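The lines below spell out each chain.
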Amino acid sequence: MALAKLTLHPLDKYLRTDRLPHIWCPGCGIGIALGAMLRAIDRRINEGKLDRNKVVFVTGIGCSARVSFYVDFDSAHTLHGRAIPFATGVKLANPSLEVIVVGGDGDIAGIGGNHLLHAAKRNMDLFVVMITNFVYAMTGGQLAPTTPLKVYTTTTPHGNPEPPLNVVKLVASLNANYVARASITTPHYIEMFTYKALGMRGFRFLEVISTCPEVYGRHIGLRNPVTMFEELKKRVKYKPNPVIDESDIDWEKGIVIGEYVVRNNPSYLDLVKRG
Amino acid sequence: MTQTLAQAVDEYAGSRFVVNVIRDRCKECEFCIAICPVKILVKGQNSNRFGYRPPVVTEPDKCIGCRLCEYVCPEFAIYVTKGGRS
Amino acid sequence: MRREFLSGNRAIAEAAILSGLKFYAGYPITPASDLMEYLAEKLPSYGGIVVQFEDEIASINAAIGASWAGVKAMTATSGPGFSLMAEGVSLAVATETPVVVVDIMRAGPSTGIPTKATQSDVYQARWLAHGDYTIPVFAPWSVQDCYDMTIKSFNVAEKFRTPVVLLSDANIAHMWETLYVREPGEVEIIERKKPSVPPEEYRPYQPGLDLVPPMAVFGEGYKVIVESLVHDELGYYRQDSGTYREMIARLNEKIRRGVGYIYEQEEYWVEDSDAVVVAYGSTARMVYPVVKALRQKGARVGFLRLKTLWPLDEERLWRALSRAGKVIVVENNTGRVYLDVARIAGSARTFFSPVITVDPPKFNEVMEAVARWL
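All of these numbers come straight from a predicted model, not from anything done at the bench.

> An account of the arrangement of the chains is needed here, citing residue identities and associated values.
In this assembly, 2 pairs of chains are in contact, and the pair with the greatest number of contacts comprises chains A and C. Contact between chain B and chain C is absent, and the least distance between their C-alpha atoms amounts to 12 Å.

> Which residues make up the packing of helix 1 (residues 8–19) of chain C against helix 2 (residues 33–42) of chain C, and what values do they have?
Residue and element names in this part refer to chain C. The geometry of helix 1 relative to helix 2 is characterised by a closest axis approach of 9 Å and an angle of 40° between their N-to-C directions. Put simply, helix 1 runs oblique to helix 2. Here helix 1 runs over helix 2; the crossing is right-handed. In this structure, helix 1 uses Asn9, Arg10, Ile12, Ala13 and Ile17 to contact helix 2, whose residues at the interface are Asp34, Leu35, Tyr38, Leu39 and Lys42. Residue classes in the contact of helix 1 with helix 2 are distributed as 6 nonpolar, 1 polar and 3 charged.

> I'd like to hear about the interface of chain A and chain C, residue by residue, with values.
Residue-level contacts link 31 residues of chain A with 37 residues of chain C. When residues of the side of chain A that touches chain C are traced back to their parent elements, those giving at least two are strand 2 (74–77), helix 3 (83–93) and helix 5 (113–122) of chain A. If one sorts the elements of the side of chain A that touches chain C by residue count, helix 3 of chain A sits on top with 8 residues. Along the lines of polarity and charge, the residues of the side of chain A that touches chain C split into 14 nonpolar, 11 polar and 6 charged.

> How would you explain the pairing of strand 1 (residues 9–13) of chain B if you had to name every residue and give the values?
Residue and element names in this part refer to chain B. Both strand 1 and strand 2 (residues 17–22) contribute to a ladder of 5 bridges, which runs antiparallel. What sits directly across from Tyr12, in strand 2, is Val19. Where strand 1 hands over to strand 2, the hairpin turn is made up of 3 residues, counted between the paired strands.

> Help me get a handle on the interface of chain A and chain B, residues and values and all.
Note: interface size is frequently given as the accessible area lost on complex formation between the parts. On the chain B side, the residues contacting the 25 residues of chain A number 20 residues. Elements supplying a minimum of two residues to the side of chain A that touches chain B: helix 1 (30–46) and helix 9 (225–235) of chain A. It is helix 1 of chain A that contributes the most residues to the side of chain A that touches chain B, 4 residues altogether. Its residues placed into classes, the side of chain A that touches chain B shows 16 nonpolar, 6 polar and 3 charged.

> Describe the sheet that holds strand 5 (residues 78–82) of chain B, with residues and values.
Residues and elements named next belong to chain B. Spatially, 1-2-5 is the arrangement adopted by the 3 strands of the open sheet, whose pairing is antiparallel. Every interior strand has two partners, whereas the edge strands, strand 1 and strand 5, have only one. Strand-to-strand twist in this sheet, taken as the mean axis angle between neighbours without regard to direction, amounts to 20°. With 5 bridges connecting them, strand 2 and strand 5 associate as antiparallel partners. From the neighbouring strand, Val21 faces strand 5, where its bridge partner is Ile78.

Definitions and limits used
- Residues numbered from 1 in each chain as written.
- Chains lettered and ligands numbered in written order.
- Predicted model: local features only at pLDDT ≥ 70, side-chain atom pairs only at ≥ 80, totals over all residues.
- Contact = placed C-beta atoms within 7 Å.
- Axes fitted to C-alpha atoms, helices over the stretch in contact; angles between N-to-C directions.
- Helix = DSSP H or I, 4+ residues; strand = E, 2+ residues; numbered from the N terminus.
- Parallel < 35°, antiparallel > 145°, perpendicular 65-115°, else oblique.
- Left-handed = near helix turned anticlockwise from the far one by under 90°.
- Nonpolar A, V, L, I, M, F, W, Y, C, P; charged D, E, K, R; others polar.
- Pairing = 2+ DSSP bridges.

The structure is reproduced here in structure tokens:
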């Protein structure tokens with residue numbers, strides 16, 4: 001791209017503006033999550049705490065994974081579910097890099113589940129953002145590990161018979177240094193948690209609950225972006241020190257966002273004495 | 001398609017803040033319209049290049065610069081800057 | 001240069017260290033585990049790191065990631081693990097990532113016989129993953145060969161920005177032989193070509209005249225894009241036939257054009273033979289003494305050993321075989337390289353003589369396999 005880059009929006013300096021508008025649907029929350037993350041990254045860069053040339057985004061496959069298309073950093077659009085091991089190789093080979101993994105709930109906790117488990121167990125020095133929309137949207141709306149019981153998906157047309165996976169609970173039960181949940185309905189927390197996570201070592205995990213009006217919204221009857229946003233916002237409740245027992249995602253009881261785990265266990269890099 | 005970049009910016013300058021809308025990035029989700037606490041954003045009448053109708057600002061002087069529209073826009077299509085005209 | 005006494009697997013490990021290996025990712029599997037164990041002990045003292053991952057899928061992806069962070073990376077496995085690495089190999093092809101994948105063949109299919117060797121994985125080594133591509137495959141037959149071909153594997157991987165498969169087997173992995181190892185500086189170690197233009201002018205997948213793009217890596221300010229989807233020279237996803245055709249043509253052509261550098265064969269008495277035996281790997285180890293014994297009895301037999309199983313320099317192979325009235329392909333499978341040789345040399349004069357065994361091939365059985373056609 002030899003031409004001077006177009007920069008209008010304050011975050012355009014971190015975006016490949018020649019690839020905008022992005023592919024995400026009207027009302028999709030991924031752009032909100034990305035914007036909030038970029039604001040946190042921007043703050044850290046301005047404070048001299050992060051080198052702009054050392055940021056690497058690693059993604060797998062799916063809607064959330066398309067983040068790697070649009071960020072103007074080193075980025076990798078790799079295999080479905082395999083962003084975490086790829087990112088692990090990157091970080092171990094060059095520990096000075098700040099490696100950020102972004103993926104959907106299917107990519108990270110479905111096909112990528114085993115890698116998520118072991119990276120958290122190792123307390124591998126990665127920041128993993130899982131954007132949860134409860135469905136495999138890119139491929140048309142199939143069952144995801146987080147799809148609630150009885151919900152219609154294209155592969156469970158008679159209603160999902162499987163209870164969902166609580167990924168925050170799973171990761172918190174392992175050795176991760178930071179486990180938090182946010183929602184695109186209150187983007188400030190995404191920014192705050194990203195800012196905090198980027199200053200920590202070890203495995204940092206952030207689940208971002210997102211709207212998906214086009215696919216999941218359609219499955220549950222919330223097709224209109226603003227309606228879906230408002231219905232989600234009603235159910236999201238921030239708590240300053242949430243406990244794991246209240247982390248289950250329940251569309252009736254509510255979704256508790258906040259920082260579930262904040263600690264300073266030795267990270268994998270500490271344990272292998274490498275950076 | 002994205003080679004001729006979406007460049008046109010509609011500037012709505014109020015006395016304290018300027019609301020900038022990058023027309024061709026908008027996908028008409030209406031999040032900004034819904035979230036604005038002073039309710040000065042309404043859906044526009046004119047379609048952008050892709051057929052979506054970006055918002056217009058009815059009373060720019062009422063903008064309080066909270067930037068909730070900027071934070072909640074998934075498209076990087078709206079942002080608020082200081083200054084403006086009296 | 002100095003003499004050492006090593007196993008095949010250890011020779012691969014030592015050669016990898018000499019080549020500049022700094023990241024090894026692996027998973028335990030017979031008969032490759034001891035390669036990882038040996039490196040786990042030694043590599044840290046060279047500034048490298050060995051990680052046992054949760055499975056082979058993580059291993060290949062981590063190796064590719066490490067390569068993109070700028071270091072030489074390798075993984076070693078056997079049949080079942082190799083199968084798991086398929087998508088990863090495909091990723092390395094599409095993103096043009098230098099990485100070395102060692103497959104220590106054992107008996108398959110499926111769990112097979114973990115401790116014993118066959119030559120079943122020839123085509124899998126070439127075409128493990130989906131997609132239309134060409135990658136180099138090397139087949140050592142001795143501990144010295146393991147050493148030399150590992151250095152070559154890394155050099156080819158870096159020079160052509162490709163995954164390279166080193167196809168050893170359970171016999172060669174664990175046999176011990178003397179070999180000559182190199183000191184640093186004695187052999188050419190190739191590093192990936194770096195960009196000569198500043199970041200604003202860099203296009204990640206724009207090839208040089210050799211069809212290989214210079215490789216900027218993460219953290220150098222080049223904002224590289226590693227893209228698994230079909231992409232243009234910027235690394236942007238493209239779905240049109242033109243981009244696909246160009247990308248596939250270049251990915252295949254950059255390897256094929258390098259066949260002069262990549263391909264190696266060894267000829268014994270070939271110029272003076274009525275029949276030539278073609279073999280590779282551990283089967284070739286027994287073909288050599290058999291052919292030598294036949295020659296001592298006055299038979300005009302020659303032996304051609306393939307060191308490279310893919311791509312084949314068909315012109316060179318054909319010329320070596322052109323004088324022989326008969327070509328006998330001996331391999332430990334139901335016919336793999338035989339099909340290539342039959343096509344190249346002509347099926348009328350090419351004969352397939354398998355020696356299917358899970359034990360190291362015996363002199364008599366290989367003699368019988370060769371003599372049957374003479």
